[in-house]
Amino acid sequence: MSAPIPSTNLIDADETAGTGRRPVGRLSRVEKRAIAARGKLSSPWGSAIAIVIAILWTVPSIGLLVTSFRPPLDIRRSGWWTTFSNPEFTLDNYDEVLFGGANLASFFVNSIVITLPAVVIPITVALLAAYAFAWIDFKGRNLLFIAVFALQIVPIQITLIPLLSQYVDWGLNGTFWTVWLSHSMFALPLAIFLLHNFMKDIPASLVEAARVDGAGHVKIFFQVLLPLLVPAIASFAIFQFLWVWNDLLVGLTFADQDSRPLTVAVADLAGTRGNAWHLLTAGAFVSIIVPLVVFLLLQRYFVRGLLAGSVKG
């Protein structure tokens, strides 16, 4: 039996004396809501609902995986759930998808080449911009930050034709640079906003102490702020990695035949190889395996970065 929550009607002598200090034993409204939410999430009903949702979310992935190993004739005859009564698996689908006519292995490499710079570039630029907005006082800073924040509501679709025209004028069309620059520009508003909020939560006393010791902006950024921003950087890096890897629109618009990502190749597999539709399951699983592994391995850093917002201690 859990211990009862202390009464909220207790009045501390300090409060009556006008000190403004919260009485011992009194819970704030936020603390009461946190206790209530924790009780609901830890209840048997909450756990059961979470398990059901997890199963429903996982079943299609399991079906995709099982179907990708089945022979084409079995796929046409019966559903994937009948495989367990008479299991028969083959690697021919993956061999055809990766090294046969589809040749997804080369597009898999293209996706890696596209994704890694498209994650590093916006984070690097956003860190510098966020530091300037948070700790450097210059004229028009607030107005410029609002303008950057407002860019998040601009739909990507309306920027495709102007960007494509500009890339053609610069002679960059059809190269990896167009995809890198596009993904970086689309990610910068959110990255700057997120990192700026984390920097503003860092106590100003740390920055002031570094300035008293003679540190300049470069030393403050790399030695004081950057180690404290690791959760925020990790969370945005995971988010950006998953978004770029799964993107179809940008790669389809700006990449040519030699630089297009895996998602475009899988979409083309669905559109031009209708007589070999059984290969789609293998191609789809090849395209999701990397983001799935990344999310499962790094989800704790993603959640920690989203929940972290201040420096304690």
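Parameters at a glance
- Residues numbered from 1 in each chain as written.
- Predicted model: local features only at pLDDT ≥ 70, side-chain atom pairs only at ≥ 80, totals over all residues.
- Heavy atoms only, no water.
- Axes fitted to C-alpha atoms, helices over the stretch in contact; angles between N-to-C directions.
- Helix = DSSP H or I, 4+ residues; strand = E, 2+ residues; numbered from the N terminus.
- Parallel < 35°, antiparallel > 145°, perpendicular 65-115°, else oblique.
- Left-handed = near helix turned anticlockwise from the far one by under 90°.
- Contact = heavy atoms within 4.5 Å.
- Nonpolar A, V, L, I, M, F, W, Y, C, P; charged D, E, K, R; others polar.
- Core = buried A, V, L, I, M, F, W, Y, C linked by side-chain atoms within 4.5 Å.
- Buried < 20%, exposed > 50% of the residue type's maximum accessible area, 1.4 Å probe, protein only.
- Salt bridge = Lys/Arg side-chain N within 4 Å of Asp/Glu carboxyl O.
- pLDDT = per-residue confidence, 0-100.
- Patch = residues over 30% accessible without salt bridge, like charges linked within 9 Å, V, L, I, M, F, W, Y side chains within 5 Å.
- Areas by Shrake-Rupley, 256 points an atom, 1.4 Å probe, with all protein chains shown as cover.
- Polar contact = N/O pair within 3.5 Å; in protein donor to acceptor, adjacent residues only side chain to side chain.
- Phe/Tyr/Trp six-rings, centres within 6.5 Å; stacked < 30°, edge-to-face > 60°.
- Lys NZ or Arg CZ within 6 Å of the ring centre and 35° of its normal.

Engineer: What's the story with the packing of helix α7 (residues 141-150) against helix α9 (residues 176-201) in this structure? I'm lost.
Structural biologist: When two helices pack together, their arrangement is given by the angle between the helix axes and by the axis-to-axis distance. Across the interface, α7 lies against α9 with an axial gap of 8 Å and an inter-helix angle of 125°. Relative to α9, α7 is oriented oblique. Handedness of the crossing formed by α7 with α9: left-handed. For the pair α7 and α9, the contacting residues are F145, V148 and F149 in the first and P189, I192, F193 and H196 in the second. Broken down by class, the residue content of the contact of α7 with α9 amounts to six nonpolar, one polar and no charged.

Engineer: When you look at the nonpolar core in this model, what are you seeing that I'm missing?
Structural biologist: It is characteristic of soluble globular proteins that their nonpolar side chains tend to be buried jointly. If you look at the biggest cluster of nonpolar residues, it comprises 51 residues, and the most contacted ones within it are L104, L127 and M199. With 12 residues, helix α6 (residues 104-135) is the largest single contributor of residues to this core. In this structure, A118, L160, L163 and W180 belong to the second largest nonpolar core, which totals 11 residues.

Engineer: I'm lost on the pattern of salt bridges in this one. Help?
Structural biologist: Where side chains of opposite charge bring their charged atoms close, a pairing between them can arise. Evaluated as defined, the whole model comprises one salt bridge. For R211, the salt bridge goes to E208, with nearest N and O atoms at 3.3 Å. Of this pair, R211 and E208 are both found in helix α10 (residues 204-212), three residues apart, which corresponds to roughly one turn of the helix. A relative accessible area of 39% means that E208 is categorised as partly exposed.

Engineer: Sorry if this is basic, but what is going on with the confidence of the model for the protein here?
Structural biologist: Segments scoring low in pLDDT should not have their predicted coordinates read at a detailed level. Looking at the protein, pLDDT values average 80 and 81% of them are 70 or higher. Summarising per-element confidence for the protein, the mean pLDDT is lowest in helix α1 (residues 13-16) (43) and highest in α6 (92). For the stretch residues 1-24, pLDDT sits under 50, and the model shows 24 contacts to residues farther than four places along the chain or on other chains. Ignoring residues within four places in sequence, the model shows residues 309-313, a span with pLDDT below 50, making seven contacts including any to other chains.

Engineer: Would you mind showing me how to read a nonpolar patch on the surface here?
Structural biologist: A cluster of nonpolar residues, L151, I153, V154 and I158, forms a patch on the protein surface that exposes about 410 Å² of accessible area. Here I153 lies in the loop between α7 and α8 (160-170). For I153, a relative accessible area of 70% puts it in the exposed group.

Engineer: Is there a simple way to think about the environment of R70 in this case?
Structural biologist: The residue R70 is located in the loop between α3 (44-68) and α4 (72-77) in this model. Separated by 212 residues in sequence, R70 and A282 have C-alpha atoms that sit 9.7 Å apart. R70 has contacts with I75, S78, G79, W80, T82, T83, E88, T90 and N93, leaving out every residue within four places of it along the chain. At a separation of 3.1 Å, a polar atom in the side chain of R70 contacts the main-chain carbonyl oxygen of G79.

Engineer: Explanation requested: the packing of aromatic side chains in the structure shown.
Structural biologist: When we look at a pair of aromatic rings, we describe it by the centre distance and by the angle of the planes. One pass over the structure, following the stated rule, counts 14 aromatic pairs. Look at Y167 and F254: their rings are 5.3 Å apart centre to centre, the planes differ by 80°, and that puts the pair in the edge-to-face class. Taken as a pair, Y167 in helix α8 and F254 in helix α13 (residues 249-254) lie far apart in primary sequence, 87 residues in all. For the residue pair Y167 and F254, the accessibility class agrees, reading buried in each case. Aromatic side chains F241 and W245 sit 6.0 Å apart centroid to centroid with 15° between the ring planes, which places their arrangement in the stacked category. Of this pair, F241 and W245 both sit in helix α12 (residues 230-246), separated by four residues, roughly a single helical turn. Residue W245 is classed as buried on the basis of its relative accessible area, which comes to 2%. Taking the ring centre of W135 as reference, the NZ or CZ of K200 above it sits at 5.7 Å.

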